[in-house]
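# Structure assessment
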Amino acid sequence: MSTRTLIRGGLVVTAAEETHADVLIEDGRIAALAASGTAAAGAWTAERVVDATDKYVIPGGVDAHTHMEFPFGGTFSSDTFETGTRAAAWGGTTTIVDFAVQSKGKALRAGLDAWHAKADGNCAIDYAFHMIVSDVNEATLKQMDGLIEEGVSSFKLFMAYPGVFYSDDGQILRAMQRAGENGGLIMMHAENGIAIDVLVEQALARGQTDPRYHGEVRKALLEAEATHRAIRLAQVAGAPLYVVHVSAREAVAELMRARDEGLPVFGETCPQYLFLSTDNLAEPDFEGAKYVCSTPLRPQEHQAALWRGLRTNDLQVVSTDHCPFCFSGQKELGRGDFSKIPNGMPGVEHRMDLLHQAVVDGHISRRRWIEIACATPARMFGLYPKKGTIAPGADADVVIYDPHAEQTLSAATHHMNVDYSAYEGKRLTGRVETVLSRGEPVITAREFTGRAGHGAYTARGTCQYLD
Ligand code: URP
Ligand code: ZN
Ligand code: ZN
């Protein structure tokens, strides 16, 4: 028989409401909620009782965009599924959706099997997969249908990275047409990679080799142009669209216009675009390489448009795009040529905390915090209400969050397998205290009490905004 757990006295915050309630957990699921101090809650008994007085009780975070052991630029992102999911748990995330990669010339199945092999038995928290389609052709289009049946219902395409992950407009249109028929969701990396490659070549020819030129050649207008093109291709195909890692205000404007037209178009941004800027990319002594990711960091003025988009629901999700590369030996591959710096930044551990800071700073409300970090990603990717909320029947993925604790982010104290922090020295109010994954304590009063292999593969349904 599984342990019954009772969480007493906290403020339960979901996307829908905030209530002072006790939460009863049984068999890995939420069994019941009752207002704190009432006779109903007082009658409950449990083997494990967690005191959440003065704390928030929130759903575990759902990070819908991570890259563990991701191949890029001749190296692999430095977090394994074991280290990356442990770090996620430390930060209050209890589900990740990672990207399996199709190698060119191979079947989708082979890529998915390879990612299952990396994750199986290694994860501290639950996980699911999207599929990166690098080779859209008749065979892979048919294979999309089978993947949806087995719970991989979203497919990332790239308008960037010619010769690697890139798809041309015809391939994109075909994949979207298929998704329009089979219920899949196309996730788009929207940057005009063909034009960017010309600008990269020209910058390098001028001797502009420092990390900051990564940001200069990957122009906001080329993100906006690609976003516009992806939206119109999806419209022609009659398919929904989810644009990943939106960073430019001009791209937000494209999403806003499309949504005003009533199109099923969704947008995701990431903490790095909300809290960091091209000032970081311009840090001297090659330090800017720590902030090289694509889409790139933008000038600070873009942040206001991202926050506004999150408030107005023109952007619906904040994921991390966690794709860490160590400064030493990995980012350094691009010394003297910014185009060889592996693209990606660490962040899976800090999303919930950074977004709580956004609540403290007045950018978003407490419920919107939970909506963009837990409930909406779960709904977007067919995991709700199993994940993303605290309600009877839901998985007991629960975080006890101390909104008053102070912390300072640092590579010396984080748990991600990467030798720097993108937020070194940043002070935050709020910290994760205890984390349950399907009722099991993974973090207990700031101690890791989980284990590799507890995390289970979670098959997903289709996007729940299209029902
Ligand atoms: O720079 C990034 N974002 N690296 C990960 C791959 C991707 O495009 O999401
Ligand atoms: Zn991308
Ligand atoms: Zn990514």
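Residues numbered from 1 in each chain as written. Chains lettered and ligands numbered in written order. Predicted model: local features only at pLDDT ≥ 70, side-chain atom pairs only at ≥ 80, totals over all residues. Heavy atoms only, no water.

## Digging into the site of ligand 1
In the vicinity of ligand 1 lie 14 residues, with Lys156, His189, Ser294, Asp321 and Asn343 positioned nearest. Between Asp321 and ligand 1, the recorded distance is 2.6 Å, taken from a side-chain N or O atom to a nitrogen atom. Coverage of ligand 1 by the protein chains reaches 100% of its 270 Å² of free accessible surface. Looking at the shell around ligand 1, its residues break down into five nonpolar, seven polar and two charged. (Near = heavy atom within 4 Å. Polar contact = N/O pair within 3.5 Å; in protein donor to acceptor, adjacent residues only side chain to side chain. Areas by Shrake-Rupley, 256 points an atom, 1.4 Å probe, with all protein chains shown as cover. Nonpolar A, V, L, I, M, F, W, Y, C, P; charged D, E, K, R; others polar.)

## Description of the domain arrangement of the protein chain
For the protein chain, the domain assignment lists domain 1 (5–58 + 387–409 + 426–448) and domain 2 (61–380). A separation of 30 Å is found between the C-alpha centroids of domain 1 and domain 2. With 34 residues of domain 1 in contact, the opposing surface of domain 2 contributes 27 residues. Here domain 1 packs against domain 2, burying approximately 2500 Å² in sum over the two surfaces, 64% of which is carbon and sulfur. When the buried area of domain 1 at its contact with domain 2 is split by residue, Ala15, Lys387 and Phe448 rank highest and sum to 20% of it. Where domain 1 meets domain 2, there are four salt bridges. Between Asp126 and Lys387 there is a salt bridge, and its shortest N-O distance comes to 2.7 Å. If you look at where domain 1 meets domain 2, you find eight residue pairs in polar contact (both at pLDDT 80 or more). (Domains from an automatic or database assignment. Contact = heavy atoms within 4.5 Å. Buried area = accessible area lost by both parts, 1.4 Å probe. Salt bridge = Lys/Arg side-chain N within 4 Å of Asp/Glu carboxyl O.)

## Side note on the environment of Gly439
Here Gly439 is to be found in the loop between β17 (427–437) and β18 (440–444). On the basis of relative accessible area, Gly439 is assigned to the buried category, the value being 6%. With residues near it in sequence (within four places) discarded, Gly439 still touches Thr5, Ile25, Gly28, Arg48 and Ala396. (Helix = DSSP H or I, 4+ residues; strand = E, 2+ residues; numbered from the N terminus. Buried < 20%, exposed > 50% of the residue type's maximum accessible area, 1.4 Å probe, protein only.)

## What about the nonpolar core?
The nonpolar side chains of a soluble globular protein tend to be buried with one another. Grouped together as the largest cluster of nonpolar side chains are 135 residues, with contacts concentrated most on Met176, Ile186, Met188, Leu241 and Trp369. It is helix α8 (residues 220–237) that provides the largest number of residues to this core, a total of eight residues. When residues of this core are sorted by domain, at least three fall in each of domain 1 (5–58 + 387–409 + 426–448) and domain 2 (61–380). Residues within four places of Met188 in sequence aside, it is in contact with Leu157, Phe158, Met159, Ile172, Met176, Ala230, Leu241, Tyr242, Val243 and Val244. Counting 15 residues, the second largest nonpolar core, distinct from the first, contains Val12, Val23, Val50 and Val398. (Core = buried A, V, L, I, M, F, W, Y, C linked by side-chain atoms within 4.5 Å.)

## Focus: α8
The periodicity of an α-helix, 3.6 residues per turn, causes residues three or four places apart in sequence to face the same way. An ideal rise of 1.5 Å per residue puts 26 Å on 18 residues; α8 measures up with 26 Å between its terminal C-alpha atoms. If you check which residues of α8 are buried, you get Ala220, Leu222, Glu223, Ala224, Ala226, Thr227, Arg229, Ala230, Ile231, Leu233, Ala234 and Ala237. A positive phi of about 70° marks Gly238, the residue just after α8. (Expected span 1.5 Å × (residues − 1).)

## Some thoughts on the coordination of the zinc ion (ligand 2)
Coordination of the zinc ion (ligand 2) by the protein is provided by Lys156 (NZ), His189 (ND1) and His245 (NE2), with metal-donor distances spanning 2.1 Å. Here the donor residues of the zinc ion (ligand 2) are spaced in sequence according to K-x32-H-x55-H. The distance between the zinc ion (ligand 2) and the zinc ion (ligand 3) comes to 4.1 Å. Linking His189 in strand β12 (residues 185–189) with His245 in the loop between β13 (241–243) and α9 (249–260), this pair joins segments that are 56 residues apart in sequence. (Donors = N, O, S within 2.8 Å, 3.2 Å for Na, K, Ca; no water.)

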